[in-house]
Structures are given as structure tokens and as C-alpha cells.
Amino acid sequence: MPELSKESRRFMDDLRLYLLSSGKNEQEIREIAEEIESHLEEAERNGKPIEQVVGESPKEYMEMISNEMKFDKKAWLKYIPLIIFGAISFSVMGQLIDNLRLSYSYALIGGSVFISFIFILLVFGVFKYTASRQVSKVKEFFLIIIPVFVNLILFGGLIFWDMYSELPGFELGVTASMIVGVLLLGMLIWISVWAKTAVLLVMLSAIHVPELLLRMTQLGLEVKLVTNLLLTYLIIGLYMYYTFKKMKKAEAAAG
Amino acid sequence: MSQTQMMKGILDGCLLAIIRGKEVYGYEMAERLSEYGFGEVSEGTIYPLLMRMQREGLVTSVKKASTAGPKRKYYSLTDKGHEELEAFLERWKRLEKSVNEAIRQETKEGSEGSA
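Every value quoted in this text rests on a predicted model; they were computed, and no experiment measured them. (Residues numbered from 1 in each chain as written. Chains lettered and ligands numbered in written order. Predicted model: local features only at pLDDT ≥ 70, side-chain atom pairs only at ≥ 80, totals over all residues. Heavy atoms only, no water.)

## Observations regarding the overall build of chain B
Along chain B, the regular secondary structure elements total four helices and three strands. Secondary structure of chain B in N-to-C order comes out as α-β-α-α-β-β-α. Contacts in chain B between residues at least 24 apart in sequence constitute 50% of all its contacts with a sequence separation of at least 6. Here chain B displays about 7000 Å² of accessible surface, and carbon together with sulfur accounts for 52% of that area. (Helix = DSSP H or I, 4+ residues; strand = E, 2+ residues; numbered from the N terminus. Contact = heavy atoms within 4.5 Å. Areas by Shrake-Rupley, 256 points an atom, 1.4 Å probe, with all protein chains shown as cover.)

Encoded structure:
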């Protein structure tokens, strides 16, 4: 099978991402992508430039296709709980490590769900933006950081409000808390396998594993705090470096 | 009706006419359109149109292996597609007649007026 040019390959990747972040059905995306890809291959064999197939504006072409496809409600109903579970797992694991019991205010739970929704909308918005404008990988990376920062600030605010106000809520016993923890961890592993990325598990480990290990040492509180923070950043940094290297390698292989 | 919408309507009709003859796949349709003088229209424009026509039940498709490259999706007209093509041809004849008549009369009057 003949290989697509780098430009066409990039367009096809962007088209798939654009349609996926527009909430379209995966099966339909695969079908239309296959058809356009086959057209691009034949066009390239006949010496036609990509513009002759998709026009001068890839964004307009992507919109045109997107407009003819229905919004896949079923798939979104599947993604949303997955992302929300991912978000709450950080807090649940933290509480379990600290005192083996889970206690939450209703405001914190409701707020977390709301913030997760905003996060999903922002992430998908950024995906659509970067896919339709063919931005560089570096710009794409910086754009994707925006939702992460917005998310961190909103969560920070929510946790601060929860800590300093007497809000109504509930508390679970040790056994019930542990069951919730194990179920959540199982779900996280499943999400990671499904999404083919270990980012959630790495982040969770980066935040909680150093703390757990340091607890077993005889170090002073301040040394523990600083070492904990450094180790967290080190793990996240190493993971980002590894991902970046992998991305570069994949790009080099494709080009 | 915007120019793009009008163009889409015309392309719909032309695609139905192309598909009526025999089973045909996307690239072939684009080539034919180009031969008929639709060179200004980017080739990929046909896919969203085909997608809609398939959803509306005007065309149906089947994937077939090809000797050069991946499987191709071949389209053919349904009964509803045939009816839609007939309706399009009727509309087009009326429109063509009206447009020709308007241009003929107006340019004639225009040239008489200026003379």
C-alpha cells in the first residue's frame, strides 16, 4: 500500500481528532477517514496537491464534514464518567493514604463534577482548535496546558472553600472507604488501558507514592515536605520527557 | 439561497446523475466532475454530500477490494435516489429555461436600449 505524504498524513490525523473532539461517532469517523485517505492516496499517485482535494482551508473542510455527522450522545455519556472518575481519584487516594477513611462535603462532590465538565469542554475545545489550524506540536503542547491550569485553579479554590467552611457532607467507615479505593484504582487502570496512556496513573503515583515512602523515614517535617515536592516534580518531569521523546521519535518515523 | 448552497444543490444533482450510470467510487466521481468543468470545486467536497445522500437514503454503498491500494467504497442509486434525480432534472430544466429566458430578454432589451 502506498504511503501518504507527511502533509496528508498530518491532515488525516487532524481530521480524526477534530471529529472526535466534536463528539462524532468513532465508527463513522473511521469510515469517512478511510474514504478520504484512499482518495488522497490516489490523488498523490496522480501528482495532485492536497489542496485540490481538501481545498485551501482545512478548517472549512473539516467543518463541512462535521456538519454532516450526528453528535454521538452515547459515546459522550461514556467519556464523561471516565474523566470525572479520573479527577476524583486524586482526592480519594490522598484521603485514603492520610487517614484510611473518606469524608466529603456534598459541595465538594458537586463542585468536582462541575469543574470536570468545564475541563472536558476546554480540552475538547483546544483539540478542535489545534486540529483545524494545523498548529505545531510545541504550540499544541502549550495550548493543552491552559485547561490543566484552569482546572488546577478551580479545584484549588473549591478545596480551599471546603476546608475553611462547615459544609454538610458524609463520612465512610474504613472498610467502605477501602472498597471505594480499590474500585477506583481498578477503574483508573482500565481507563489507562482503554485510552492507551499511563498519564493518570503516573500523576497519581507522582503525588502520593513519595509521600508514602517518606512517611517510613525518620526525616524532619520540613525535609520531608521539600523532598516530597521535589520527587513529585521529578516523576512528572521524567514522564513528560519520556512522552516528548516518544512523540519526537514517532514524528521522525512518520516523516 | 447562498451561492455555496446553490452549488451544493447542483453538485447533488450531478452526483446522482453520475451514480445512476453504474456503481462508482469517490475518486472516479471527482474526476468526472472535473472533466465536466467543475475544476474549481475541491474534490473532497463530494464526501460530505455523499454522506448526507446516504443518510437520506438516496444512495447506498458497498466496500470492494481494489488492485491499487485499500478497499474502495462504491456507490449506487436507490429507488428514492432515482426519484430525487428525476425531480432534480425537472427543477433544473425549469431553472435553466427561466435563467436563459431572463438573460436573453434582458440583454436584448439592454442592447436595444443602448442602441
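From this point, the discussion proceeds with the structure in view.
## Concerning the nonpolar core
Core analysis: the largest hydrophobic core is formed by 45 residues, its most contacted members being Phe11(A), Ile36(A), Ile65(A), Met29(B) and Leu50(B). Apart from residues no more than four positions distant in its own chain, Leu50(B) is found in contact with Leu15(B), Ile19(B), Met29(B), Val59(B) and Tyr75(B). In this structure, Val92(A), Tyr104(A), Phe155(A) and Leu184(A) belong to the second largest nonpolar core, which totals 13 residues. (Core = buried A, V, L, I, M, F, W, Y, C linked by side-chain atoms within 4.5 Å. Buried < 20%, exposed > 50% of the residue type's maximum accessible area, 1.4 Å probe, protein only.)

## Comments concerning the interface of chain B and chain A
In this assembly, 22 residues from chain B lie in contact with 26 residues from chain A. In this assembly, chain B packs against chain A so that about 2000 Å² is buried in total across both faces, 53% of it on carbon and sulfur atoms. Considering only the surface of chain B that becomes buried against chain A, Tyr27(B), Tyr47(B) and Met51(B) emerge as the three largest contributors, covering 30% of it. For the pair chain B and chain A, the number of links is eight salt bridges. Arg72(B) is paired through a salt bridge with Glu42(A); the nearest N and O atoms lie 3.4 Å apart. The tally of links from chain B across to chain A stands at 15 residue pairs in polar contact (both at pLDDT 80 or more). Counting only elements with at least two residues in the side of chain B that touches chain A, the list comes to α2 (26–35), α3 (46–55) and β3 (72–77) of chain B. Here the side of chain B that touches chain A is built from residues that sort into nine nonpolar, five polar and eight charged. (Buried area = accessible area lost by both parts, 1.4 Å probe. Salt bridge = Lys/Arg side-chain N within 4 Å of Asp/Glu carboxyl O. Polar contact = N/O pair within 3.5 Å; in protein donor to acceptor, adjacent residues only side chain to side chain. Nonpolar A, V, L, I, M, F, W, Y, C, P; charged D, E, K, R; others polar.)

## Examining the sheet that holds strand β1 (residues 24–25) of chain B
One open sheet accounts for three strands, arranged β1-β3-β2 (chain B); its pairing is antiparallel. Looking at which strands have only one partner, the edges of the open sheet turn out to be β1 and β2 (59–64) of chain B. (Pairing = 2+ DSSP bridges.)

## Re unusual backbone geometry
All names here are of chain A. Phi at Leu100 takes a positive value of approximately 60 degrees, unusual for a residue other than glycine. Positionally, Leu100 belongs in the loop between α5 (73–99) and β1 (103–105). Relative accessible area serves as the criterion here: at 42%, Leu100 is assigned to the partly exposed category.

## What to know about the UniProt feature "transmembrane region" (unreviewed entry) in chain A
Residue and element names in this part refer to chain A. The UniProt record annotates "transmembrane region" (unreviewed entry) at residues 79–97, 103–129, 141–161, 173–191 and 223–242. Spanning residues 103–129, this segment combines 89% helix with 11% strand, and its end C-alpha atoms are found 39 Å apart. This span, residues 173–191, is 95% helix and 0% strand, and a straight line between its end C-alpha atoms measures 27 Å. (UniProt positions renumbered as here; feature names shortened; annotations may be inferred.)

## Structural notes on the pattern of salt bridges
Evaluation of the coordinates by the stated rule reveals 23 salt bridges over all chains. When the shortest N-O distance is used, the salt bridge between Glu211(A) and Arg215(A) registers 3.5 Å. Linking Glu211(A) with Arg215(A), this pair stays in helix α9 (residues 199–215), spanning four residues, or about one helical turn. On the basis of relative accessibility, which here comes to 39%, the residue Arg215(A) falls in the partly exposed class. Its salt-bridge partner being Glu84(B), residue Arg91(B) comes within 3.3 Å of it at the nearest N-O pair. What makes Arg91(B) partly exposed here is its relative accessible area of 41%. Residues joined by salt bridges that share partners form a network here, namely Glu68(A), Asp12(B), Arg52(B), Arg55(B) and Glu56(B).

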